[in-house]
Amino acid sequence: AAVGVAAALLLALVMGQLTIPLLIETITGAIRTSCMVCIILISAAFLSTAMGYLHVPANVARAIAAMELSPFGLILILSLFYILLGLFLDGISIIVMSLPITLPLAMQAGFDPIWFGIYLVIMTEMGQITPPVGFNLFVLQGLTGEPIGRVALASLPFFFLMCLGVAILCVFPQIALWLPTLLYG
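Overview of the structure. (Residues numbered from 1 in each chain as written. Predicted model: local features only at pLDDT ≥ 70, side-chain atom pairs only at ≥ 80, totals over all residues. Heavy atoms only, no water.)

### What about the packing of aromatic side chains?
Defined as follows: Think of it this way: a Phe, Tyr or Trp ring, Trp meaning its six-membered ring, pairs with another when their centres are within 6.5 Å, and the plane angle makes it stacked under 30 degrees, edge-to-face over 60, tilted otherwise. Counting from the N terminus, the helices are the DSSP runs of H or I reaching at least four residues and the strands are the DSSP runs of E reaching at least two. Each residue's exposure class comes from its accessible area (1.4 Å probe, protein chains only) as a fraction of the maximum for that residue type: buried when under 20%, exposed when over 50%, partly exposed otherwise.
Summed over the entire model, instances satisfying the criterion amount to 6 aromatic pairs. Aromatic pair Tyr 82 and Tyr 119: ring centres 6.4 Å apart, planes at 70 degrees, arrangement edge-to-face. Remark: Tyr 119 occurs in helix α6 (residues 113–127) and Tyr 82 occurs in helix α4 (residues 71–88); sequence separation between them is 37 residues. Residue Tyr 82 is classed as buried on the basis of its relative accessible area of 0%. Residues Phe 116 and Tyr 119 carry aromatic rings whose centres are separated by 5.5 Å and whose planes lie at 35 degrees to one another, so their mutual orientation is tilted. With Phe 116 and Tyr 119 both in helix α6, this residue pair falls 3 residues apart, about one helical turn. Grouping residues by exposure puts Phe 116 and Tyr 119 together as buried. By way of ring pairs, the aromatic residues Phe 81, Tyr 82, Phe 111, Trp 115, Phe 116 and Tyr 119 are connected into one cluster.

Next comes the structure, spelled out in C-alpha cells:
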C-alpha cells in the first residue's frame, strides 16, 4: 500500500496535478475511512468477545452435532449457521470460534478438510456482505457515501451468486480438491 501511495504521489507530482488542497482532501478522506474501519473493527471485536463469553457459537454447533444429520443436511445447517453468524460477527471471529467444533463434525461426515476450509472461506466472505455487521458493506458505504440500505441491496445479487457457488462446490467437491490432488497425489 505504501508503494502504491508513493507511486500515486510521484505520478501526480510529475503530471503537475498535485496541489496542497488536493493533498489535504486526500489525507482527510483517508483518515475518515481509517477511523470508520477502526470503529467497525472495535464494535465487531466487542460483539465477538461478548458472544464468545456467552458460548453462543459453541452451543449452536453442539446442537447441530446432536441432530445427527446426513452429510448434505449437515452442510445445509452449517451454511445457515455461518450465514447467521455473519450477521453478527466478523470473519476472523467466526472462524476462530466455530472451527474447533465444526471441522470435526465435517470430517466425521466424510468431508475433506481442504474442501471444508475452502467452503468455510466462502461462507465467511458471505458473512462479510450480510448486514448489520457486514464489514465490506460499511467499507463500500464509506467509500461511496451511499446509504447502507442501498449498499446492502446492491450486494444482494453477489450474496446469491455466492450461495450458488457453495451449492456447486457441495455437489462437485472435485472443484476444490482437483489442484491439491494433482499436487500431492
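The discussion continues.
### A closer look at unusual backbone geometry
For residues that are not glycine, phi is negative in most cases, and the peptide bond is trans in most cases. In the Ramachandran plot, Glu 68 falls in the positive-phi region, its phi being about 50 degrees despite a non-glycine side chain. On the basis of relative accessible area, Glu 68 is assigned to the exposed category, the value being 73%.

### Concerning helix α1 (residues 2–14)
Residue pairs spaced three or four apart in an α-helix point in one direction, given the helix's 3.6 residues per turn. Condition: A helix's residues, less one, multiplied by 1.5 Å, set its expected span.
Its 13 residues place the ends of α1 18 Å apart at the C-alpha level, agreeing with the 18 Å of an ideal helix rising 1.5 Å per residue. A positive phi of about 75 degrees marks Gly 16, the residue just after α1.

### Some remarks on the nonpolar core
Selection criterion: Think of a nonpolar core as a cluster: buried Ala, Val, Leu, Ile, Met, Phe, Trp, Tyr and Cys residues, connected wherever their side-chain atoms sit within 4.5 Å. The contact criterion used is simple: two residues touch if any of their non-hydrogen atoms lie within 4.5 Å.
Core analysis: the biggest nonpolar cluster contains 33 residues, and Leu 78, Phe 81, Tyr 82, Leu 85, Trp 115, Phe 116 and Tyr 119 have the highest contact counts within it. Setting aside residues no more than four positions away along its own chain, Leu 78 makes contact with Ile 64, Thr 102, Phe 116 and Tyr 119.

### Some words on the side chain of Thr 130
Put simply, the rule reads: In protein, a polar contact means a hydrogen-donor-capable atom and an acceptor-capable atom, both N or O and within 3.5 Å, with residues adjacent in sequence counting only if both atoms are side-chain atoms; elsewhere, any N or O pair within 3.5 Å suffices.
Here Thr 130 lies in the loop between α6 and α7 (135–144). Overall, the relative accessible area of 6% leaves Thr 130 in the buried class. Polar side-chain contacts of Thr 130 include one of 3.2 Å to the backbone oxygen of Gly 86. Not counting the four nearest positions on each side in its chain, Thr 130 is found in contact with Ile 83, Gly 86, Leu 87, Leu 137 and Phe 159.

### Topic: the environment of Ala 7
By the secondary structure assignment, Ala 7 is in helix α1. Considered as a pair, Ala 7 and Ile 175 are 168 residues apart in the sequence and their alpha carbons are 38 Å apart.

### Structural notes on the state of the cysteines
Applicable threshold: A pair of cysteine sulfur atoms is labelled a disulfide when the two atoms are within 2.5 Å.
Summed over all chains, the structure comprises 0 disulfides. The structure places no disulfide on Cys 35, whose sulfur is separated from the nearest cysteine sulfur, that of Cys 38, by 6.5 Å. Here Cys 35 falls in the partly exposed class, since its relative accessible area comes to 43%.

### Looking at α4
Relative to the 26 Å expected for 18 residues at 1.5 Å per residue, α4 spans 26 Å between its end C-alpha atoms, a close match to the ideal helical length. Leu 74, Ile 75, Leu 78, Ser 79, Phe 81, Tyr 82, Leu 85 and Gly 86 are the residues of α4 that are buried. Elements that come into contact with the buried residues of α4 comprise α2 (20–53), α3 (56–66), α5 (91–108), α6 and α8 (148–171).

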